[in-house]
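# Architecture at a glance
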Amino acid sequence: MVDENGMLSMAYVVGHSMKETLELRSGARSLVIGRKGTGKTTLLHMLKQRSRLFCVLDIGADFPAVAEQLGREHRTSYTEQAAEVWSTVVWNTIILSVHRALPEKFEELERSDRAFIAEYVTGLESNVEAHATSTKSQFARSISDKVQRGSWGLAAAMVRAALESDLHVARAMKIVEGILEEAGQKINVLIDTLEFYKVGESQAAKDCMKGLLNCCSKIDSPNEKYGLKNNNIECRLFFPDELTEYVKTHISHSVEKDFKDVEHIRWSAPELAVLSVIRLREGNSEKFPDSWKIHEVGLNDAKLAQDVLHRFLPILVSNDRGVSFECITYLMRHTQLTPRQFLIILNSLTHRLFLKSSGRVSEPSQKVSESTLHNVLKKCTQETYSDILGTYRDIYPAANKVLHRLLPRLPRVFSDAQLRAAFVEEEIKADFSLDFEDVKSCLSDIGAVGKVSEQKASGDTVLGEFSYRTQQRLILSASFRYCIHPIFSSVHPPIVGDNFTVHPEGSGVLGG
């Protein structure tokens, strides 16, 4: 997510998990896990801005090419070699970052070390620039060349030409470690995996991922090979939550070790309401009348944020069956509580009101009509649906087709037996080679189906618990009543005669 006008720099300190991450607890080595759209990359760059001694390593774009090339050259498992590659890449990023942040310390080195580092850094910088301008095919060829010559130095993320052997890397590491110790400073290594979801397509990709986890678990521990203490390094891997269960099941050698000290990025409806108003204010501050009190909205003012949003949105809105909802809650129900999803809806609703307005917004004549709201929400829900399925494309490649076959046969609230009957009638196993339990895992993991946690006294509204709100995997047990998330029931309307309304837990700005 783009941090437009620095808006997230303020809004991101709302949640407890974000506070913990921003504080960068001393000595912590952690995975920062969040779904697509929760703002992992934005948070990462915010952290980088807080100190001179941060380095951000983006391995996502290079991952497929690295895995492909290493797989060609190594016919057996190469997890340890891959870990060495990532370790060297991380260390070269540290060397560059420390050299740029503390240039005066390098001037104090002995002449031979100073000359060595100058040549080393020049080589790194030229290769980073070459990599940044290379095409994927050029990058793949360059990696292949390096691997064929037996050089592991910068094969994973930088097109390497300057280094002759690991001895060069070790010497540079020792020099930089000495500088950090003398300066009494730590460097925080922030590794952004982006959304590389192709980790399961080959054994090479799996071993490449194993190597990355192995590297991250050791990068701030003593390194016997190079004689490094690594006391001055703290490492965080920003990891897509969509990959968590797959990696735990198919890739990780030790889940307890690899997923130790995890920080989850979670957003609540009150936080998203505040975030959206701050974003609105930052981009259009001069357009709001004082009576809106938009400038008074603070990080904990969910009620005031809701009041501001109601200035241009309906207070109540009805669904296609005539059931009325508080408007902001209705919009939140059609998201998985990520900033990206909610802001996409709000951007579409406010575009004509604010971005094209030359003067101050008048009130109340410019309110969004209920019909406009429904039209915009329908379009945005389809986009969100496609985005979610795209995120899981490589883990559940048949998800879209399975949803198209199953959901129209089901009511919004249903039993395990009803799901199994639809599974059998649609011949899912024969057509997609999926067992019933595999399908349930798919529906749960992507957030299409959850479990009913409560039924309201009115009888026609149920609260649903969905995977994006849970820190552990949501397993759909045969004893549960299941429910379809509003995003997915909007795209695939349920069977005729179903009068249930599903309210995802946590969607209410002021509770519920």
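What comes next concerns the included structure. (Residues numbered from 1 in each chain as written. Predicted model: local features only at pLDDT ≥ 70, side-chain atom pairs only at ≥ 80, totals over all residues. Heavy atoms only, no water.)

Here Ser-489 shows up in helix H22 (residues 486-491). With residues up to four places along the chain from it excluded, the contact list for Ser-489 reads Arg-412, Ile-484 and Pro-494. (Helix = DSSP H or I, 4+ residues; strand = E, 2+ residues; numbered from the N terminus. Contact = heavy atoms within 4.5 Å.)

With that settled, the discussion passes to the pattern of salt bridges. On inspection of all chains with the given rule, the structure shows 17 salt bridges. Here Arg-236 makes a salt bridge to Glu-263, at a shortest N to O gap of 3.9 Å. Here Arg-236 is found in strand E4 (residues 233-240), whereas its partner Glu-263 is found in strand E5 (residues 262-264), with 27 residues between them in sequence. For the pair Arg-236 and Glu-263, one class covers both residues: buried. Asp-435 is paired through a salt bridge with Lys-429; the nearest N and O atoms lie 3.5 Å apart. (Salt bridge = Lys/Arg side-chain N within 4 Å of Asp/Glu carboxyl O. Buried < 20%, exposed > 50% of the residue type's maximum accessible area, 1.4 Å probe, protein only.)

Ranked by internal contacts, the top residues of the largest apolar core, which has 87 residues, are Ile-94, Val-98 and Phe-488. If you tally residues by element for this core, the top one is helix H5 (residues 79-101), at ten residues. Non-local contacts of Ile-94, meaning those with residues more than four positions away in its chain, are made with Cys-55, Val-176, Ile-187, Val-189 and Ile-233. Core analysis: the next-biggest nonpolar cluster, separate from the first, contains 54 residues, Trp-267, Val-297, Val-308 and Val-413 among them. (Core = buried A, V, L, I, M, F, W, Y, C linked by side-chain atoms within 4.5 Å.)

This part is about the pairing of strand E10 (residues 461-465). The buried fraction of E10 amounts to five of the five residues, a majority that puts the element mostly inside the structure. By the alternation rule, side chains of E10 split into Thr-461, Leu-463 and Glu-465 and Val-462 and Gly-464, which are all buried. In this sheet, E10 lies alongside strand E9 (residues 449-455) in antiparallel orientation, the contact comprising four bridges. The residue of E10 that forms the bridge with Val-452 is Gly-464. In textbook terms, the turn of a hairpin is the stretch between consecutive antiparallel strands, and for E9 and E10 this stretch comprises five residues, one of which, Gly-459, has a positive phi near 90°. Where E10 meets strand E12 (residues 501-504), four bridges bridge the pair, whose relative direction is parallel. In the strand pairing of E12, Val-462 is matched with Val-502. (Pairing = 2+ DSSP bridges.)

Further remarks concern the layout of surface pockets. Its volume calculated, the largest pocket comes out at about 650 Å³. Glu-245, Tyr-246, Tyr-396, Asp-445 and Arg-473 are, among the 34 residues lining the largest pocket, the residues nearest its centre. Top contributing element to the lining of the largest pocket by residue count: helix H11 (residues 244-250), with six residues. Across the lining of the largest pocket, the residue classes tally to 15 nonpolar, nine polar and ten charged. (1 Å grid on protein atoms, 1.4 Å probe; cavity = no way out; pocket = protein on both sides within 12 Å on 5 of 7 lines; lining within 4 Å. Points joined across faces, edges and corners; volume = space filled by probe spheres on them. Nonpolar A, V, L, I, M, F, W, Y, C, P; charged D, E, K, R; others polar.)

Per the stated rule, a full pass over the model turns up zero disulfides. You can see Cys-55 has no disulfide; the closest cysteine sulfur is in Cys-235, sitting 8.6 Å from it. By relative accessible area, which is 2% here, Cys-55 ends up buried. (Disulfide = S-S within 2.5 Å.)

Take Lys-36: it is sitting in the loop between strand E1 (30-34) and helix H3 (40-49). For the pair Lys-36 and Gln-341, spaced 305 residues apart in sequence, the C-alpha separation works out to 9.6 Å. Looking at Lys-36, its side chain comes within polar contact range of the side chain of Asp-387, at 3.0 Å. (Polar contact = N/O pair within 3.5 Å; in protein donor to acceptor, adjacent residues only side chain to side chain.)

Okay, the sheet that holds E5 next. Strand pairs in the sheet, formed through backbone hydrogen bonds, run parallel or antiparallel to each other. Taking strand neighbours across the sheet as the criterion, the five strands line up as E2-E3-E4-E1-E5 in an open arrangement whose pairing is parallel. The sheet terminates laterally at strand E2 (54-58) and E5, the two strands that pair on one side only. Averaged over neighbouring strand pairs, the angle between their axes works out to 20° when direction is ignored. Across six bridges, the pairing between strand E3 (residues 187-192) and E4 is parallel. Looking at the pairing, Val-189 lines up with Cys-235 of E4. Taken strand by strand, helix H10 (residues 203-218) contacts E3 and E4, and its axis lies near 145° from that of E4. (Axes fitted to C-alpha atoms, helices over the stretch in contact; angles between N-to-C directions.)

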